[in-house]
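# Observations on the model geometry
If you want the building blocks of each chain, they are given just below.
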Amino acid sequence: MTTATEPSPSAAPSPDGGLGPSAGALLLHTVRGNMRQYGMIIALALIVVLFQIWTDGTLLLPNNVSNIVQQNSYILILAMGMMIVIIAGHIDLSVGSLAAFVGAAAAVMMVKHDMPWVLALVLSLLIGAVAGAWQGFWIAYVGIPSFIVTLAGMLLFRGATQIMLEGQSLAPFPGAFQDIAQGFLPEVGPYTQYHNPTLAIGLLVIAFVLFQEHRDRRRQLAYELDVLPFGIWLLKCAAIVAAVVAFTLTLASYHGVPVVLLIMCALLIGLGFVMRNAVVGRHVYALGGNKAAAKLSGVRDQRVTFWVFVTMGVLAALAGCVYAARLNAGTPQAGINFELEAIAAAFIGGASMSGGVGTVLGAIIGALVLGVLNNGMSLVGVGTDYQQVIKGLVLLAAVGFDVWNKRKVGS
């Protein structure tokens, strides 16, 4: 088979997996093109190793791993939504106050009015959607900057929370509602040393990830795009499988998979698919990258922006319910600084201030970096004042690395 032109030095390796002379250059190009995401994964791994040594192995004990997941679940949920908002070129300062407001509303419905927890949860998510639609209307259709609208929302929802709860906490919640944040997947099957459903889920995750990697590689080869050399690709798959196996066995040796982890995985898969494969996801990237060009290309910017904030409202409501379920109370002080944690997680995970850049998985990585830092520093006895200083420096370093990397690529 002949071609009209000779292949360039950076051409992709052959589909049979051969490592041509350009393999090293291609690998270097791939790493540079994904430097921010790979850098954060490496940073997360180094932080885990550091605190695992510093805490004499306490960090990765099964009960502490489950604790990290449950403690940071609401920030992980908010970070996914915040990443989408930032990709679209906006910001949302109201998510912490909205989470507190929805948690308070759920407490009023269940504690004061004895409403079934399922109905209360559904209504809470609807409240979040309405709040997101309210803010999305002013941003998308009226044209008020998102910073101003969500700053007003932060004050509005915080005041409404205080009014609704009258300055007092409401508790307790039904046990089933608490299980959203505190519960684990029940055990089934014969007795073994490990949690059987967790092992089954781990095998499904491995099969799904390998299928996705194989399909993506075949698709890239079909369109003659650059792919990793076959040997490097196999190493990548092996590393992913090893990480999933280690995480699965760790959870399975304790109480199994936390319920909230299943919720977050469903969100990650769903939102990741929408942002990567759906038309609306590509429109969000287009708006954040270049709004004028996106509008000229036929993107309905107002509608897309509106639904971005509706999605953020629903996720903020879910995070508020998870936080309330973990505390087993609706409290006026809930949600303080949640928006700052979510924004920090998004930027650490690869978002750009200019918009149009980032992934939902990156938001998870950024939130885990903050969560492991918080947990590790608490285990070794670092004071909360120093913890804030260190997290601030980590955020500054992440954004500084993004600016440096852009300048280097541009030059």
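These numbers come from a predicted model, not from an experiment. (Residues numbered from 1 in each chain as written. Predicted model: local features only at pLDDT ≥ 70, side-chain atom pairs only at ≥ 80, totals over all residues. Heavy atoms only, no water.)

Time to look at empty space enclosed by the protein. Over the atoms a probe the size of a water molecule is rolled, and this reveals where empty space is left. Following the criterion strictly, the structure yields one cavity of 30 Å³ or more and no others. In this structure, the largest cavity encloses a volume near 60 Å³. In terms of lining, the largest cavity is formed by Ala 99, Ala 100, Gly 103, Ala 104, Gly 320, Tyr 323, Ala 324, Leu 327, Ala 329, Gly 330, Thr 331 and Ala 334. Split by residue class, the lining of the largest cavity holds eight nonpolar, four polar and no charged. (1 Å grid on protein atoms, 1.4 Å probe; cavity = no way out; pocket = protein on both sides within 12 Å on 5 of 7 lines; lining within 4 Å. Points joined across faces, edges and corners; volume = space filled by probe spheres on them. Nonpolar A, V, L, I, M, F, W, Y, C, P; charged D, E, K, R; others polar.)

This next bit is on the packing of helix H11 (residues 259-277) against helix H16 (residues 360-379). Two numbers describe how H11 lies on H16: the axes approach to 8 Å, and their chain directions differ by 135 degrees. What the angle tells us is that H11 and H16 run oblique. Contacts from Leu 268, Leu 271, Gly 272 and Met 275 in H11 reach Val 360, Leu 361 and Ile 364 in H16. Its residues assigned to classes, the contact of H11 with H16 comprises six nonpolar, one polar and no charged. (Axes fitted to C-alpha atoms, helices over the stretch in contact; angles between N-to-C directions. Helix = DSSP H or I, 4+ residues; strand = E, 2+ residues; numbered from the N terminus. Parallel < 35°, antiparallel > 145°, perpendicular 65-115°, else oblique. Contact = heavy atoms within 4.5 Å.)

Moving on to the layout of surface pockets. Taken as a whole, the second largest pocket holds about 560 Å³ of empty space. The wall of the second largest pocket is formed by 23 residues, among which Ile 75, Glu 341, Asn 374, Gln 388 and Lys 391 lie closest to the centre. Secondary-structure elements contributing two or more residues to the lining of the second largest pocket are helix H4 (73-87), helix H15 (338-348), H16 and helix H17 (384-410). Sort the elements by how many residues they give to the lining of the second largest pocket and H16 lands first, with six residues. A class-by-class count of the residues in the lining of the second largest pocket yields 10 nonpolar, 10 polar and three charged.

Counted under the stated rule, the structure contains 13 aromatic pairs. Between Phe 51 and Trp 54 the ring centres are 5.7 Å apart and the planes differ by 10 degrees, which places this aromatic pair in the stacked class. Here the residue Phe 51 and the residue Trp 54 both occupy positions in helix H2 (residues 35-54), the gap between them amounting to three residues, near one helical turn. Of the residues examined, Phe 51 reaches a relative accessible area of 4% and is grouped as buried. Among the aromatic side chains, those forming a connected cluster through ring pairs are Trp 134, Phe 137, Trp 138, Tyr 141, Phe 306 and Trp 307. (Phe/Tyr/Trp six-rings, centres within 6.5 Å; stacked < 30°, edge-to-face > 60°. Buried < 20%, exposed > 50% of the residue type's maximum accessible area, 1.4 Å probe, protein only.)

With that out of the way, let us pick up helix H5 (residues 95-112). Here H5 is 18 residues long and its end C-alpha atoms lie 25 Å apart, about the 26 Å a rise of 1.5 Å per residue gives. Taking burial as the measure, the 18 residues of H5 include 16 buried ones, the bulk of the element. Positive backbone phi, at 50 degrees, marks Asp 114, one or two positions downstream of H5. (Expected span 1.5 Å × (residues − 1).)

Here Met 353 shows up in the loop between H15 and H16. Residue classification places Met 353 among the exposed residues on the basis of a relative accessible area of 64%. Along the sequence, Met 353 and Gly 89 sit 264 residues apart, while their C-alpha atoms lie 7.5 Å from each other.

Proteins that are soluble and globular tend to have nonpolar side chains buried together. Formed by 96 residues in total, the largest nonpolar core has its most connected members in Ile 77, Leu 78, Phe 177, Val 284 and Val 308. It is helix H14 (residues 301-327) that contributes the most residues to this core, 14 residues altogether. Val 284 has contacts with Ile 84, Ile 87, Ala 88, Met 275, Val 304 and Val 308, leaving out every residue within four places of it along the chain. (Core = buried A, V, L, I, M, F, W, Y, C linked by side-chain atoms within 4.5 Å.)

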